Amino acid sequence: MASFPDKVDSSDVYSCLIFDIKRYAINDGPGIRTTVFMKGCPLSCIWCHNPESRSPDVQKMYSTAKCIGCEQCIKICPEHACTLTSDGIITYIDRCIVCGQCAESCPTKATEMSGRPETVQSLMEILEKEVLIFDQSGGGVTFSGGEPLMCSDILIQLLDACGKKGIHRTVDTSGYAETETILNVAKRVDLFLYDLKIMDSIMHKKYTGVDNEIILHNLKALAEVGANITIRIPLIKGINDDPKNIEDSAVFIARLAGDIKGVDLLPHHNIADNKHKKLGQDHTSQTMVAPDQERQEQIIAQFEAYGIQAKIH
Ligand code: SF4
Ligand code: SF4
C-alpha cells in the first residue's frame, strides 16, 4: 500500500510554490505551451532533471562559476549564515532561514532562490497573455513539476480557471497520488503526460524511492475513464532499457483500456548535473547515459510489435 507524503496545503493561496514558468515550450504537449513547474515531488528518481523540484520548500541555489566574491550576500544576511571560502560561498544550513535577501543582493545571480509563491490569479494573468499564441499553435498550458498532483487543490482551481478561458490543459505526472485525486483532476484535463519508469516494483523503488503499484493502478484507472494519455518513458542505459522491462511495459500498455495515443521515449541526458551542484548535492556517483542509437531502435520495434507507436522525444 502506497503511503503518500503530506499534500501541500493550498488552502492558503500562497502555499504552492512554483520554481519555473517556461514560455514557448514545444516538448510538453501539443502546440506552443506555457509550462508551469510546481515544487514538491514524492519521488526521488536518481536521473531527475529537476532536482530543485523535489522539495516543496524554498531552496537556496549557488553557482561557484558565477560568483565574483563581492561578499554582498555575507553583508546582507541577517543570520550570519554565509561565509566566503576558497571554494566560494558556503551557507550554514542550520542558520539559514531562506529569507532570500542574499539572492536579491547578488549582482551576478550566483545565488538564487528556487520556489516562489503564486496565486491562481497571478498565474492566470500570466497564462491569459498567451491565449493568442495558444490558439494559433494548438497549444495551451502544461502543469509539471515536481509532481503537480501534490498541490491538487490549487491545481484544480487552475484547471477550472483555464477551462473557463478555453485554454488546453495538460498535466505532466508521475501518477503517484491518491486514485480519487487523480480521477478528480482528470475531469478537468485535456491530456495527461504520464510517466512509466520501471515495471518491476522493487527496481522502481530502488531508483525512484517509491514502489509502482499505485502508479500502475492509477494509469489503468485513467485509461478506464477514457482520459487522453501520452505515456512517457525515460530511457537510461542499464536501469530501464533492458528487453524485459521494455517488454513488460509494452504488454501493460497494450492491455490498457481506451485509446492510448502512444509512447514518448526520452533518452537520458545529464542536464541536471549543474543543478545538483547548485543545490550542494553530491551527484558525482550518478553517471548515467542513454542507450545507444541501435538499442533505441530496438526499443521502438519492441513497442511496435504490440501495436504501440513509440517515438524518441
Ligand atoms: S537566505 Fe537569508 S538567511 Fe539564508 S543565507 Fe541568504 S540571506 Fe542568509
Ligand atoms: S553576492 Fe553573489 S557574487 Fe557576491 S559573493 Fe555572494 S554569491 Fe558571490
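The rules behind these values
Residues numbered from 1 in each chain as written. Chains lettered and ligands numbered in written order. Predicted model: local features only at pLDDT ≥ 70, side-chain atom pairs only at ≥ 80, totals over all residues. Heavy atoms only, no water. Buried < 20%, exposed > 50% of the residue type's maximum accessible area, 1.4 Å probe, protein only. Helix = DSSP H or I, 4+ residues; strand = E, 2+ residues; numbered from the N terminus. Pairing = 2+ DSSP bridges. Disulfide = S-S within 2.5 Å. Arc of directions from axis to C-beta. Contact = heavy atoms within 4.5 Å. Polar contact = N/O pair within 3.5 Å; in protein donor to acceptor, adjacent residues only side chain to side chain. Salt bridge = Lys/Arg side-chain N within 4 Å of Asp/Glu carboxyl O. Domains from an automatic or database assignment. Buried area = accessible area lost by both parts, 1.4 Å probe. Nonpolar A, V, L, I, M, F, W, Y, C, P; charged D, E, K, R; others polar.

The next point concerns the pairing of strand β11 (residues 229-235). The buried fraction of β11 is high, at 7 of 7 residues. Alternating positions in β11 separate into two faces, Ile229, Ile231, Ile233 and Leu235 on one and Thr230, Arg232 and Pro234 on the other, with burial throughout. Pairing of strand β10 (residues 191-195) with β11 involves 4 bridges; the strand directions are parallel. The partner of Asp195 across the bridge, within β11, is Arg232. Where β11 lies against strand β12 (residues 262-267), 6 bridges are found, and the strand directions are parallel. Bridge pairing in β12 places Leu235 opposite Pro267.

Going through the model one piece at a time under the given rule, you end up with 1 disulfide. Each disulfide pairs two cysteine sulfurs, and for Cys16 the partner residue is Cys151, the sulfurs being separated by 2.3 Å. Classification of the bridge connecting Cys16 and Cys151 rests on its S-S torsion, roughly 80 degrees, and on that basis the disulfide is right-handed. With Cys16 in the segment before β1 (17-25) and Cys151 in the loop between β8 (140-144) and α5 (152-164), the pair connects residues that are 135 residues apart, well separated along the chain. Exposure remark for Cys151: the relative accessible area of 0% places this residue in the buried category. In this structure Cys45 is a free cysteine whose sulfur lies 6.3 Å from that of Cys48, the closest cysteine sulfur available.

Here the focus is helix α7 (residues 201-208). Listing the buried residues of α7 in full gives Ser201, His204, Tyr207 and Thr208. Projected onto a plane normal to the axis of α7, the buried residues spread over an arc of 130 degrees and lie on a single side. Set apart from the buried face of α7 by more than 90 degrees, the exposed residues are Ile202 and Lys206. The elements touched by buried residues of α7 are α8 (213-224). Where α7 starts, the residue carrying a side-chain oxygen 3.0 Å from the main-chain nitrogen of Ile202 turns out to be Asp200. In the stretch just after α7, Gly209 is the one whose phi turns positive, near 90 degrees.

The next point concerns the side chain of Thr111. Within the secondary structure layout, Thr111 lies in strand β6 (residues 111-114). Looking at Thr111, the relative accessible area reads 3%, which means it is buried. Apart from the residues within four sequence positions on either side, Thr111 is in contact with Lys60, Met61, Tyr62, Cys102, Ala103 and Cys106.

It is worth spelling out the pattern of salt bridges at this point. Applying the stated criterion to the full structure yields 11 salt bridges. We note a salt bridge from Asp28 to Lys22, for which the minimum N-O separation is 3.6 Å. Asp28 gets classed as buried once you look at its relative accessible area, which sits at 9%. With relative accessibility at 35%, the residue Lys22 sits in the partly exposed group. In this structure, Lys311 engages Asp264 in a salt bridge whose closest nitrogen and oxygen atoms are separated by 2.7 Å. Taken together, the residues Lys311 in strand β13 (residues 310-312) and Asp264 in strand β12 connect sequence positions 47 residues apart. Lys311 sits in the partly exposed class, given a relative accessible area of 48%. With relative accessibility at 6%, the residue Asp264 sits in the buried group.

Much of the literature gives interface size as the accessible area that the parts lose upon coming together. We note that the domain assignment places domain 1 (17-55 + 116-312) and domain 2 (59-114) within the chain. Once you take the C-alpha centre of each, domain 1 and domain 2 turn out to be 32 Å apart. On the side of domain 2, 8 residues touch domain 1, which itself brings 8 residues to the contact. Interface area for domain 1 against domain 2, summed over the two sides, is near 690 Å², with a carbon-plus-sulfur share of 53%. Contact with domain 2 buries surface across domain 1, with Lys39, Lys278 and Leu279 losing the most and accounting together for 67% of the total. Run the count over domain 1 and domain 2 and you get 1 salt bridge. Of the charged contacts, one joins Glu112 and Lys278 as a salt bridge, the two residues approaching to 3.6 Å between their closest N and O atoms. Run the count over domain 1 and domain 2 and you get 2 residue pairs in polar contact (both at pLDDT 80 or more). Top element by residues in the side of domain 1 that touches domain 2 is helix α10 (residues 273-278). It accounts for 3 residues. Split by residue class, the side of domain 1 that touches domain 2 holds 2 nonpolar, 1 polar and 5 charged.

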